[in-house]
Amino acid sequence: MTKQTSRMTAGYFCEDCEVSIWPAAPRSELAWLKDRIHVVREVAKHSQGGLDIWMADGLAFLEEHRDHSVLVVTKS
Ligand SMILES: [Zn+2]
């Protein structure tokens, strides 16, 4: 487990569906994943169970809402 430096909870919010998820990862990590979704998708294909849980969850959400407007959001 890595120490979380931020007390803010970060997540993804889909504006089209008005649903959100809150993976256990800091905002910077979620923004990173969102920016590199095409890279992470390829990595996921070749590594079975190799992704962190938050990354697998985030990837699943981003795939499900691929053509939607997904934002990285925070709540305290
Ligand atoms: Zn959506």
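Participant: Help me out: how do you make sense of the sheet that holds strand 3 (residues 70-75) in this one?
Facilitator: In a beta sheet, neighbouring strands pair by backbone hydrogen bonds and run either parallel or antiparallel. An order of 2-1-3 is seen for the three strands of this open sheet, with the pairing classed as antiparallel. Whereas interior strands pair on both sides, the edge strands pair on one side only; in this sheet they are strand 2 (19-21) and strand 3. In this sheet, adjacent strand axes meet at a mean angle of 30° when their direction is disregarded. Here strand 1 (residues 9-14) pairs with strand 2 via three bridges, running antiparallel. Paired with Cys14 across the bridge in strand 2 is Val19. Across the sheet, helix 1 (residues 27-35) lies against strand 1 and strand 3, angled at about 175° from strand 3, the strand it touches most. Against the sheet, helix 3 (residues 53-64) engages strand 1, strand 2 and strand 3, with an angle of about 20° to strand 1.

Cut-offs used in this document
- Residues numbered from 1 in each chain as written.
- Predicted model: local features only at pLDDT ≥ 70, side-chain atom pairs only at ≥ 80, totals over all residues.
- Pairing = 2+ DSSP bridges.
- Helix = DSSP H or I, 4+ residues; strand = E, 2+ residues; numbered from the N terminus.
- Axes fitted to C-alpha atoms, helices over the stretch in contact; angles between N-to-C directions.
- Contact = placed C-beta atoms within 7 Å.

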